[in-house]
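Each chain is listed here by its residues.
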Amino acid sequence: MSDTITITAEKMVFGGDCIGKFNGKTVFVPYAIPGEKLEVEITRDERDYCVASIVNVLEKSPHRVMPFCSLYGKCGGCNMQHIDQEYQAELRAQILRDAFEREGVTVGEIEVIRDTDKGYRSRFQFHNGGLMGKRSNEIIPIESCPCATDEINHYLSEIPFEHRPEGRVHVFGSSRISSIPEGYDKIVIAEIPEEERKKKEKARKQMTTPGGSKLKKQKKIKARYSGTVSDAMTSCTVSLLGKNLTFDVQGFFQSNLGLLEKAIPLIIEGLEGKNVLDMYSGSGTFSVFLADKFENVTLVEHNKNAIVYAEQNMAGKKHESYGLSGEVWIKYHSENCMKTSGKFDACVIDPPRSGMEKSVCQWLQKSGIPSIRSLSCDIATHARDIKFLSRSGYELKKLYLLDFYPQTCHIESLAILEKRD
C-alpha cells in the first residue's frame, strides 16, 4: 500500500473521524467531512484498519469553513471547528442515531437542543498553566479560548502563562456565579497546594508494591458520609433558573450553563407524584428541581463529597440521600426506601461514562417505575442501557441530543422512557 492514497470520506463516526475505504480496509481520517474526496497519508497501518492524515482536499465539502481558533489542531479540545455549526449538530445527531440503531433500538426524530456555539465553556482544567496538546502530553500555552466564557478569558489575559499555578488546576468562571459579590471577578480557582500534591503522590506510591501492582484496599464499614467535608476554598454557587446550586469545582459540574438551563425543563417535564429517584445524583442539580414536583426525593451518589453538597442544596426539602454506589443502594436500601416512602413514580438517572451499573439496569427493568429520564455522556453505553430497558417493557418516547460541547465530537443525550401498559 502506498503511503499516499486518494479516498472519499463516507461518514463521520464516534470520535469525530471520517471513514473511507481503500483496498478493503477502513481508513480513519481526522478533520475530514463526509463526501469529501481526499488525498491522505497513512500514519498508522493496522491489520484491519488504517489511520491517515489529510494531505490535500481534492473535492471540498460545502460545509467546510475556516477554523476560528489559531490553536485548532494543536490544542486537545475542539475537533469540529472546520465544519459549519448547523452541519456539526446534524453530524452529532447522526452519530447518536447510529449508536442506538446498532443496538437495535428504533429512534424517531432526534431533537437537537442547542445554545451558543462560542463563549459557552465555564469549566477548565489547566495543566501547568496551559492545555494539553492533541494526542500528546505537550502543554499548550493559551492566552484566550473562543469557546471559554468571558470570565475564563479575563483570567487568562490577566495572569501570564509563566505566573499561573503549576500542576492540574480546576477553574470555573461564569456570570452565573452567585457566591461571589457583584464587582468581583466571577471565577473560582481550585489550586491544589504543593504540600497536598506531594501527600497524594506519596499515598499513591505507598499503595503500590515494588513490582508496580496496586495493593488491595481493605474494606471498612463507614458511616454514610464518613470523611466528607465541603471546602470553602473550592466551593462555588451558581444561579440556574432561579435556584442556587453549590458544588466543588474540583468535582464534576456541567460547563455549559446556558444549555443546562434548557435541558433541565426537558428532564423534569411531565413528571410529578409522591416519590422520585435521582440515581447518580451528583450534587443534586436535578433533585432541587424535582423537589418542586414530588413530595420526596431519594438521591443516590457514590461520590460522598458530592452528596455533602447535595445535602446543602436540598436543605428544607423532603429528601433522603445515600452516599453509596447504585449497586450497594439496590442491594441494601431500595426495598426499605419503598416501604418507607412508597414506590417511585419516576426516576432520573445520569450515570458516568461507563453507563448504568449492571445491577442498577436490571433493577430498573423490574422496577415498574412509570417514567424514566435517562441522561448520558457516552452514546455507546447509553444505547446499550436503553436497549435493555426497551426489552423489559419501556418505550423510548423521545431522544434528545443535548449539544453541550459545540466544536467537538462530544455527545450528551437524553432519553424519555415510559412504561408500556
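Residues numbered from 1 in each chain as written. Predicted model: local features only at pLDDT ≥ 70, side-chain atom pairs only at ≥ 80, totals over all residues. Heavy atoms only, no water.

### Observations regarding the overall build of the protein chain
Scanning the protein chain for helices and strands turns up 10 helices and 21 strands. Computed over the C-alpha atoms, the radius of gyration of the protein chain is 23 Å, within 12% of the 22 Å expected from 2.2 N^0.38 for a compact globule of 421 residues. Across its three principal axes, the protein chain shows a C-alpha extent of roughly 70 × 60 × 55 Å. Split into buried and exposed, the 421 residues of the protein chain put 50% on the buried side. Put simply, 60% of the contacts in the protein chain that link residues at least 6 apart link residues at least 24 apart. Surface accessibility of the protein chain: about 21,200 Å² in total, with carbon and sulfur atoms responsible for 49%. Looking at the protein chain, you have 57 positive and 57 negative side-chain charges, and the mean spots of the two groups are 7 Å apart. (Helix = DSSP H or I, 4+ residues; strand = E, 2+ residues; numbered from the N terminus. Rg over C-alpha atoms; globule rule 2.2 N^0.38 Å. Buried < 20%, exposed > 50% of the residue type's maximum accessible area, 1.4 Å probe, protein only. Contact = heavy atoms within 4.5 Å. Areas by Shrake-Rupley, 256 points an atom, 1.4 Å probe, with all protein chains shown as cover. Lys, Arg positive; Asp, Glu negative; His and termini not counted. Charge placed at Lys NZ, Arg CZ, Asp CG, Glu CD.)

### Details of the environment of Ala9
Tracing the backbone shows Ala9 in the loop between strand S1 (4-8) and strand S2 (11-12). Here the alpha-carbon distance between Ala9 and Val169, two residues 160 residues apart in the chain, equals 39 Å. Setting aside its immediate chain neighbours within four residues, Ala9 contacts Cys18, Ile19, Ala32, Ile33, Pro34, Gly35, Glu36 and Leu38.

### Some details on the pattern of salt bridges
A complete count under the given rule lists 19 salt bridges for this structure. Residues Arg114 and Glu86 are paired through a salt bridge, measuring 3.1 Å at the closest nitrogen-oxygen approach. Remark: Glu86 occurs in helix H1 (residues 85-102) and Arg114 occurs in the loop between strand S7 (110-113) and strand S8 (123-127); sequence separation between them is 28 residues. Here Lys398 and Glu111 are joined by a salt bridge, their closest N and O atoms 3.6 Å apart. On the criterion of sequence distance, the pair formed by Lys398 in strand S20 (residues 394-402) and Glu111 in strand S7 is long-range, its members being 287 residues apart. A cluster of three or more residues bridged by salt bridges with shared partners is formed by Glu86, Arg114 and Asp117. (Salt bridge = Lys/Arg side-chain N within 4 Å of Asp/Glu carboxyl O.)

### A word on unusual backbone geometry
Here the phi dihedral of Asn23 falls at roughly 50°; this positive angle occurs in a residue that is not glycine. On the secondary structure map, Asn23 appears in the loop between strand S3 (18-22) and strand S4 (25-29). The class of Asn23 is exposed, set by a relative accessible area of 64%. One non-glycine residue with positive phi stands out, namely Leu241, at about 50°. Using a relative accessible area of 40% as the deciding quantity, one classes Leu241 as partly exposed.

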